[in-house]
Amino acid sequence: MSRQALHDGWTLRAAPGAQVPTEIVGRVVSATVPGCVHTDLLDAGLIPDPYLDDNELALAWIGRTDWVYQTTFVHQPGDDERVDLVCAGLDTVATLTLNGVEVGRTENMHRGYRFDVGSLLRDGDNDLVVAFDSAYRYAEGQQERLGDRPNAYPEPFHFIRKMACNFGWDWGPTLVTAGIWQDIGLHAWSTARLATVRPLVTLDGRDGRVELHVEVERAADVPLTVRATVADAHAEVVVPVGQRTAVLTLAVREPALWWPRGYGEQTRHPLEVTLHAPDGDTLDTWSHRIGFRSVRLDTTPDEHGTPFALSVNDVPVFVRGVNWIPDDVFPTRITRDRLAQRFDQATAANINLLRVWGGGRYESADFYDLADERGLLVQQDFLFACAAYPEEEPFGSEVAAEAAEQVTRLAPYPSLVLWTGNNENIWGWHDWDWQQALDGRTWGRGYYLDVLPRIVGALDPTRPYWPGSPWSGREEIHPNDPAHGTTHIWDVWNTDDYTKYREYVPRFVAEFGYQAPPAYATLRRSISDEPLAHDSPGMAHHQKAAGGDGKLQRGLDAHLPAPADFDDWHYLTQLNQARAIQLGVEHFRSYRPVCMGTIVWQLNDCWPVTSWSAVDGDGRRKPLWYALRRAYADRLLTVQPRDGGLALVAVNETAQAWAGPATITRLTLTGEPRAKTSVNLDVPAYSSVVLALPAELARPNEGRRELLVAEAGDTAERALWFFAEDRDVEWPAAQWDATVEPADGGQRVLVTARTVLRDLSIFADRLDASAEVDNALVTLLPGESVAFTVRADTALDPAALTSRPVLRCVNDI
């Protein structure tokens, strides 16, 4: 058995067409494989960077063009019985030709393909051509053939099995790609090979069990032997002549378990599988690290409705999640190191689950391996989003094959704990005026309630499947009923103020979010507007949400002082995003265990854009990231409205009871105490406690000049409650003292407040694009101090670090 990668010597050219620019016609450029057309043209200097200004608009022709990849490779024949051309991923509608003979055709980005090419290979040079048809032409042809179906955007993304957000989204550009986007090569083998290996890993009490399903492909009808080992367990089975499948069972006595981060260690065990010929020779091998853990989804109806509660190893896990979108429009630019950085940002913000959203892709092996390593749970959507999807052929067969391949591929990863049928499509059918437009045509119901649950149930019954996000659990209950199953909350942001989050007591919030622009350095790299303004041309192009700027302004008007310039606007919109999501998360967490999870929209971006992300398209943390770190802390103190008054809620997401004193003080903005009480916290592991506050604390004398401070020593970050919106508070003009000195490989900025300083932050990227700050959104009372650590490639000017617009707080507006 041997493998030959075919990644070298590729060229790319555009097929003739009226839409092709004259400077591209007839040009042949070097192509990087794996890669895509856009990145090859960019590397050749033939197109501008599509992420800058409005360059995206000038590149729409690429998605409407046919493209031809070609290479010549040397093959030296051996004595193998089979030689296959193996394509891990082709984007999307491709015809493959080897030495002038058509090998096969593909029309699904989310599948791999294998073609027997042994009879076509020549000794010496061989010519391989992969011709890609325009994704638009294919999708629009299917749309015309099957009849249109409604969707969220005026693009035909639901008529092709391709990454939907390539066609644009309310946070992403329209850059419709084509190319050999994953590995391609030759696989030579004889007798038999391991076609699929599917470990179903469970727990039987404290013992581990692996039910190993193996499928072989044969070139010879002889008896075969499969052997497997994991930990101290071994198993062997003979695959008789005429059979292609086998099941082995391995029992491991009390293995070390895999746990989500914060609950225990992420122990993994190598699982080795070998395939042997009758003479004992090894024909093929497969290996993967697996984790022993159990997953259970509790949806048993109760007095509050229908819960949605994940348990891992019989421990209920409050999901502190974020939604994940593709980290770049062009997947081959997403390296393992880049994913590791993003995962480190997630874990540092106390996140424990990533939901892989259904308008993107099934992620790379690196993604799931890093999730296993870091203990991040993964909820994986099947790839359907915001549209009515046809179920007719070829889509019915393509979806089934795609799902079976991906369920099998991802079975070994312990981090994967939930499959979801789609994003918002069942909700859309109910509420988005689809039914009349569909006029009885298929829309995806058969996928979500029949095909996909059958595939998951047959291939991986160890993991729960949920038909949609949102989904109530039963068709007779509205799919977005917050009392049942999972819910998405989008009236906040679209139409309502973020304080409306407090009107919901959901069982599980799978999406909610609020927008803000990216970091200043990201804006300056990607937009050349002079001057920058919230509505300048580049800013407007990098705001993809309908009415986005108006919604941002509505949020500012409701809560914050009026900005005097762009610098104010940028700070205040970023602050308002952080405030909105922190309020929502803390409110939902305060209702634990009725609510057992929140998944914020969204962690990341795929390009520089005003969006709902906590980490922008250049990988910079927005103020929302720091707010998430607070709101998702293992131990949370929060002041919440309850029953016409206020309550202190203590939430404990640790395995140890949380006991100790806490104080709650009502004081003026100048720091003068008006009322104070002490309580003893006694919060069991994985639970919350609500303590009503007395009226003398909950009712201020002067609401515009007072606040509450709740403190529990070093056991949790203190909680603040302001009785008035910032726009109405009688803030004193901000005054502080600041010093800057070298420290910890960077600079230490010590700020001491002479007046209250509300949401103090340092935006050091305004001085150096490499700069990062360890903290943000810190509120200081008079006399209090905070030390920020700033790290950059070069030392930053102390005066600039400690003055506007780098050092900001609400009461400097």
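Residues numbered from 1 in each chain as written. Predicted model: local features only at pLDDT ≥ 70, side-chain atom pairs only at ≥ 80, totals over all residues. Heavy atoms only, no water.

Visitor: Requested: an account of the overall build of the protein, with residues and values cited.
Guide: Within the protein, the secondary structure is distributed over 16 helices and 46 strands. In summary, the protein has a C-alpha radius of gyration of 28 Å against a globular reference of 28 Å for 813 residues, a match within 12%. The principal-axis extents of the C-alpha atoms in the protein amount to approximately 90 × 65 × 60 Å. Residue burial in the protein is summarised as follows: out of 813 residues, 60% are buried. Taking all contacts inside the protein whose residues are at least 6 apart in sequence as the whole, residues at least 24 apart take part in 69%. (Helix = DSSP H or I, 4+ residues; strand = E, 2+ residues; numbered from the N terminus. Rg over C-alpha atoms; globule rule 2.2 N^0.38 Å. Buried < 20%, exposed > 50% of the residue type's maximum accessible area, 1.4 Å probe, protein only. Contact = heavy atoms within 4.5 Å.)

Visitor: Explain the sheet that holds strand β15 (residues 192-204) to me, using residue names and the numbers behind them.
Guide: The sheet built from three strands is open, its strands ordered β15-β16-β19 with antiparallel pairing. At either end of the open sheet lies a strand with only one pairing partner, and these are β15 and β19 (245-252). For this sheet, the mean angle separating the axes of adjacent strands, direction not counted, is 20°. Where strand β16 (residues 207-218) and β19 come together, eight bridges link them in antiparallel fashion. For Val-210, the partnering residue across the bridge sits in β19 and is Leu-250. (Pairing = 2+ DSSP bridges. Axes fitted to C-alpha atoms, helices over the stretch in contact; angles between N-to-C directions.)

Visitor: Help me get a handle on the environment of Tyr-448, residues and values and all.
Guide: Within the secondary structure, Tyr-448 sits in helix α8 (residues 445-459). With relative accessibility at 0%, the residue Tyr-448 sits in the buried group. Between the C-alpha atom of Tyr-448 and that of Arg-554, which follows or precedes it by 106 residues, the distance is 37 Å. Filtering out sequence-adjacent residues up to four positions away, Tyr-448 remains in contact with Phe-384, Tyr-389, Gly-421, Asn-422, Asn-425, Ile-426, Trp-443, Pro-453, Tyr-465 and Pro-467.

Visitor: Before we move on, can you summarise the sheet that holds strand β20 (residues 269-276) with the specific residues and values?
Guide: If you trace the four strands from one edge of the open sheet to the other, you get β18-β17-β20-β21, paired in antiparallel fashion. Pairing within the sheet leaves two strands with one partner each, and these edge strands are β18 (233-239) and β21 (282-290). Shown here is a sheet whose adjacent strand axes are inclined to one another by a mean of 15°, direction ignored. Note: strand β17 (residues 224-230) against β20, six bridges, orientation antiparallel. Bridging from a neighbouring strand, Thr-229 pairs with Glu-272 of β20.

Visitor: With reference to specific residues and values, describe helix α3 (residues 336-348).
Guide: With 13 residues, α3 should reach 18 Å at 1.5 Å per residue; the first-to-last C-alpha distance of 18 Å fits that figure. Turning to α3, its buried residues number three or more, namely Arg-338, Leu-339, Ala-340, Arg-342, Phe-343, Gln-345, Ala-346 and Thr-347. Summarising the contacts, the buried residues of α3 are in contact with β25 (319-324), β26 (353-356), α4 (365-374) and α14 (623-631). (Expected span 1.5 Å × (residues − 1).)

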